[in-house]
Amino acid sequence: SSQMLLRMLLRRLSMSRYLLTRGMRKKGMFTVTILVIFLYYVIRYMFPVMLEELQYTEGIEKDALRTLHATKSVLIKDGLEKRNLLSMMTSSRPQPSAPNPLTIWYQIPGTTAILYSAYFDNRPLGAQTSDGPIIRILGIGKINLPNERTFTQKLFCRVSYSNKQDVCLSKEVTKIFMNRKPNYNNAQMKHHDLYFICHLPVSVVFSQPTKVSLSTDRSCTSSYSYPLPIRKLSTFSLTPKLEFGVCIQKAIYQINQYHLVAFIEMTRLLGASFVAIYDESLNETDIRLLNEYIKDGFVRLKRFRLGDIGIKDIPWHGQHIVMNDCLYSNMASTKYLVYIDLDEMITPHQAINWPAMIKQLNKSKTIATYSFRNSFFVPTRKKIRVNSLNGSVYLTHLLRTPPTPGNHKRTKYITEAHSTVTVGVHVVWEQLPGYGGYLVSPEIGLMHHYKYVGNRYVATGSIFTEDNTMLKYKDVLNKAIQENIQNIRKANTTTSKLDYM
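Conventions we followed
- Counting from 1, residues in each chain are numbered in the order their sequence is written.
- Thresholds applied to this predicted model are a pLDDT of at least 70 for local features of residues and 80 or more for the giving and counting of side-chain atom pairs; totals over whole chains, interfaces and linings are not thresholded and use all residues.
- Water and hydrogen atoms were dropped before computing side-chain values, which therefore reflect all heavy atoms in the structure.
- UniProt positions are given in the numbering used here, feature names are shortened, and annotations may be inferred rather than shown by experiment.
- Here a Phe, Tyr or Trp ring, Trp counted by its six-membered ring, pairs with any other such ring whose centre lies within 6.5 Å, and the pair is stacked when the planes are under 30 degrees apart, edge-to-face when over 60, and tilted otherwise.
- Remark: a charge is flagged as sitting over a ring if the NZ atom of Lys or the CZ atom of Arg is within 6 Å of the ring centre and within 35 degrees of the ring normal.
- Note on pairing: DSSP must find at least two bridges between two strands before they are called paired.
- Helix numbers and strand numbers start at the N terminus; a helix is a DSSP run of H or I with at least 4 residues, a strand a run of E with at least 2.
- Here an axis means a line fitted to C-alpha atoms, over the contact stretch when the element is a helix, while the angle between two N-to-C directions is reported on a 0 to 180 degree scale.
- We call two residues in contact whenever any of their non-hydrogen atoms come within 4.5 Å of each other.
- Here, nonpolar core refers to any group of buried Ala, Val, Leu, Ile, Met, Phe, Trp, Tyr and Cys residues whose side-chain atoms link them within 4.5 Å.
- Burial classification: accessible surface area is computed with a 1.4 Å probe over protein chains only, and a residue below 20% of its type maximum counts as buried, one above 50% as exposed, and the rest as partly exposed.
- Within this document, salt bridges are pairs made up of a side-chain nitrogen of Lys or Arg and a carboxyl oxygen of Asp or Glu, the two lying within 4 Å of each other.
- Confidence scores per residue from the predictor, reported as pLDDT, run from 0 to 100.
- One less than the residue count of a helix, multiplied by 1.5 Å, gives the span that helix is expected to have.
- Reported orientations rely on four angle classes, namely roughly parallel under 35 degrees, roughly antiparallel over 145, roughly perpendicular from 65 to 115, and oblique for the rest.
- When the near helix sits turned anticlockwise from the far one by under a right angle, the crossing is termed left-handed; a clockwise turn instead gives a right-handed crossing.
- Three classes are used: nonpolar for Ala, Val, Leu, Ile, Met, Phe, Trp, Tyr, Cys and Pro, charged for Asp, Glu, Lys and Arg, and polar for all others, with Gly counted as polar.

Looking at an unreviewed UniProt entry, one finds the chain named Glycosyltransferase family 92 protein and attributed to Owenia fusiformis. UniProt lists a comment for the chain under the heading Sequence similarities (unreviewed entry), and it reads "Belongs to the glycosyltransferase 92 family."

Below, the structure is given as structure tokens:
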């Protein structure tokens, strides 16, 4: 590099000397002056630039050589393959395109599968982690029921680590239904919620993984998805910062703004630290209203729009992805998660709130899930004045049907997040080994369901029982709703930036 620099400098000085000699012959002082300025420019400005360019080129060559030597010295055991990282970085093959930030879905090239989120799970999960920790990817696969019972295409994991090491795992990805009782007879539903499990060998000495891609190529050198960031569960503490959070079980697409405010304020009264909402197709006015809660951290809004990717034939609009993503995304920070819909509320009938009720029920350390029976609530004929709102279902719907029988029909639940593996609509499908559930007596707690219940209940009004449990919250709930009326008006008259997690 020093010789190259010397040759370049001598070449430019030779030209300067030639021009200087020619100028002296003509005895033109003007020409001599110009040549002196030119020489000053070369020495003052161009020489440092040439030197910097050469040093930069040398640095690139040295870095490439160091990377190549480091790559050759890496030995990856137990099902991992040796990778030439330099060739992977400089390959001319087409790279996967990044997902549209508004859709947040990651396509696996050459497949019908799309991915939503990924989590590093190093809990003792029994058979799933017999070979080591796993990366749990939540996504959707196209499955032709009833002929196919799983996603049939073979997939492999390409994992990135914080030290920039990329590894292709030779063990095939395991595919698991999130809904443990899929309707095999419903052949019209082509898409289904799936876990894509990447198995990490126990002896891997790298740091925790940071990104993951799925590929149809066993060597992971082509046809792989854009890398998903991996969230970590290992930050979980036995004393998490938050005690209760609420997961709304469906991605919502339209709301009654007054009821949404009442729902949020009711969960706050019962002990929630946040409400997680997944947006299917909310309009800007609804999201502006939610932004008032997002600012103080009480609402966690995530985008979940299947319409953006043209998927309509999936059971319950991808409900199982919503529920399980809420589980894993909040597992590290929250002890208990409450799973309900917008027209439901798990209500303590003896205690004042959820923490007091769980303390009342918590008689065994192996109980991780508390299930609550369902009762439908309908309006009373007595007019109950609800300040100026005159409409919160929690204070006007005070007649209920008998609780559902104890077979988990229509039940909803509160579950200890870190002990839970997979949640369903009415039950927890899987927990860590050694943990179980408990069906709560209606005298202690009940799931209030504020839904039109059909003519079979209206025709036989004698089955209803008056239930005034919610009236103990009347004054404080009315005040909270009244204070947020202004936020509703503001959301309908102003514009602001939409705010997602």
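Asks: Looking at this structure, I do not really get the packing of aromatic side chains. What am I missing?
Replies: The relation between two aromatic rings is expressed through the spacing of the ring centres and the mutual angle of the planes. As enumerated under the stated definition, the model contains twelve aromatic pairs in all. The structure contains a cluster of three or more aromatic residues connected by ring pairs, namely Trp-105, Tyr-116, Tyr-278 and Phe-304. Above the plane of the ring of Tyr-195 lies Arg-136, whose end atom (NZ or CZ) is 4.6 Å from the centre.

Asks: How should I be thinking about the sheet that holds strand β12 (residues 299-303) in this particular structure?
Replies: Hydrogen bonds along the backbone pair up the strands of a sheet, which may run parallel or antiparallel. The strand order across the open sheet formed by seven strands is β12-β11-β10-β13-β18-β15-β21, and the pairing between neighbours is mixed. Each having just a single partner strand, β12 and β21 (436-439) make up the two edges of the open sheet. Neighbour-to-neighbour, the strand axes of this sheet turn through a mean angle of 20°, independent of strand direction. Relative to strand β13 (residues 334-340), strand β10 (residues 242-248) is paired through six bridges, and the arrangement is parallel. Opposite Leu-242, over in β13, you have Thr-334 as the bridge partner. Here helix α5 (residues 284-295) sits on the sheet and contacts β11 (275-279) and β12; the angle it forms with β12, its principal contact strand, is near 135°.

Asks: Explain the environment of Ile-444 here, please?
Replies: With respect to the helices and strands, Ile-444 occurs in the loop between β21 and β22 (445-449). Remark: the alpha-carbon pair of Ile-444 and Thr-347, spanning 97 residues in sequence, is separated by 8.8 Å. Not counting the four nearest positions on each side in its chain, Ile-444 is found in contact with Thr-347, Pro-348, His-349, Gln-350, Met-357, Gln-360 and Leu-361.

Asks: Please clarify how the nonpolar core should be interpreted in this entry.
Replies: One recurring pattern in soluble globular proteins is that nonpolar side chains are buried together. Membership of the largest hydrophobic core comes to 53 residues, with the highest contact counts inside it found for Phe-263, Met-345, Trp-354, Tyr-394 and Ile-414. In contact with Phe-263, not counting residues within four places along its chain, are Val-246, Ile-248, Val-275, Ile-340, Asp-341, Leu-342, Glu-344, Met-345 and Tyr-394. The next biggest cluster of nonpolar side chains, apart from the first, holds 38 residues, and it includes Met-178, Phe-304, Val-425 and Leu-432.

Asks: What is the right way to look at the pattern of salt bridges in this model?
Replies: Pairing of side chains with opposite charge becomes possible as their charged atoms draw close. Within this structure, the stated rule accounts for 13 salt bridges. Asp-166 is the salt-bridge partner of Arg-158, the closest N and O atoms lying 3.4 Å from each other. Taking relative accessible area as the criterion, Arg-158 reaches 8% and is therefore assigned buried. The residue Lys-175 makes a salt bridge to Glu-172 at a minimum N-O spacing of 3.5 Å. On the accessibility criterion, Lys-175 (14% relative accessible area) is buried. A relative accessible area of 29% means that Glu-172 is categorised as partly exposed. Several salt bridges converge on common partners, so that one network encompasses Lys-250, Asp-341, Glu-344 and Lys-412.

Asks: Sorry, what's going on with the pairing of strand β15 (residues 367-372) here?
Replies: In terms of residue burial, β15 counts as a mostly covered element, since six of its six residues are buried. Examined bridge by bridge, β15 and β21 share four bridges and lie parallel to one another. Counterpart to Ile-367 in the pairing with β21 is Gly-436. Inspection of the sheet shows β15 paired to strand β18 (residues 412-416) by four bridges, in the antiparallel sense. Residue pairing in the sheet places Phe-372 in a bridge with Lys-412 of β18.

Asks: Before we go on, may I ask you to explain the pairing of β18 in this structure?
Replies: Two faces, one strand: in a regular strand the side chains alternate between the faces of the sheet. Most of β18 sits inside the fold, with five of its five residues counted as buried. Judged by which residues are buried, β18 turns out to be covered on both faces: Lys-412, Ile-414 and Glu-416 on one side and Tyr-413 and Thr-415 on the other are all buried. Relative to β18, β13 is paired through four bridges, and the arrangement is antiparallel. Along β18, the bridge assignment pairs Val-338 with Ile-414.

Asks: Explain the confidence of the model for the chain to me, please; I cannot follow it from the model alone.
Replies: Caution applies to low-pLDDT parts of the model: their predicted coordinates are not meant to be read in detail. Taken residue by residue, the chain gives an average pLDDT of 76. The fraction at 70 or more is 67%. Element-level mean pLDDT values for the chain span from 28 in helix α3 (residues 85-90) up to 97 in strand β14 (residues 344-348). Note on residues 47-94: pLDDT is under 50 here. Beyond four places in sequence and across chains, it has 58 contacts. This model gives residues 455-460 a pLDDT under 50, and the stretch forms four contacts once residues within four places in sequence are excluded.

Asks: How do you make sense of helix α6 (residues 319-330) when you look at a structure like this?
Replies: For an α-helix, the turn length of 3.6 residues means that residues three or four places apart are oriented alike. Here α6 is twelve residues long and its end C-alpha atoms lie 17 Å apart, about the 16 Å a rise of 1.5 Å per residue gives. Among the twelve residues of α6, twelve are classified as buried, and the element is accordingly described as predominantly covered. Taken together, the buried positions of α6 are occupied by Gln-319, His-320, Ile-321, Val-322, Met-323, Asn-324, Asp-325, Cys-326, Leu-327, Tyr-328, Ser-329 and Asn-330.

Asks: Explain the packing of helix α4 (residues 257-270) against helix α10 (residues 474-483) here, please?
Replies: Helix packing for two helices is described by the angle between their axes and how far apart those axes are. Close contact between α4 and α10 brings their axes to 9 Å; oriented N to C, the two are set at 130°. The pairing of α4 with α10 is recorded here as oblique in orientation. Crossing of α4 over α10 shows right-handed handedness. On α10, the residues touching Val-261, Ala-262, Glu-265, Met-266 and Leu-269 of α4 are Val-476, Leu-477, Ala-480 and Ile-481. When the residues that make up the contact of α4 with α10 are grouped by side-chain class, the tally is eight nonpolar, no polar and one charged.

Asks: Is there a simple way to explain the sheet that holds strand β23 (residues 465-466) in this structure?
Replies: Judged by pairing direction, the sheet is mixed, and its five strands sit side by side in the order β14-β22-β16-β17-β23 without closing on themselves. The sheet is open, and its two borders are formed by β14 and β23, each paired with just one other strand. With three bridges connecting them, strand β16 (residues 374-378) and β22 associate as parallel partners. Across the sheet, Phe-376 pairs through a bridge with His-449, a residue of β22.

Asks: How should I be thinking about unusual backbone geometry in this particular structure?
Replies: Excluding glycine, a negative phi dihedral is what most residues carry, and trans is how most peptide bonds are arranged. Positive phi is not limited to glycine here, since Cys-220 has a value of about 60°. Within the secondary structure, Cys-220 sits in the loop between β8 (209-215) and β9 (228-232). Phi is positive for Arg-410, which is not a glycine, with a value near 65°. With respect to the helices, strands and loops of the structure, Arg-410 is situated in the loop between β17 (399-400) and β18. Assessed through its relative accessible area of 33%, Arg-410 is described here as partly exposed.

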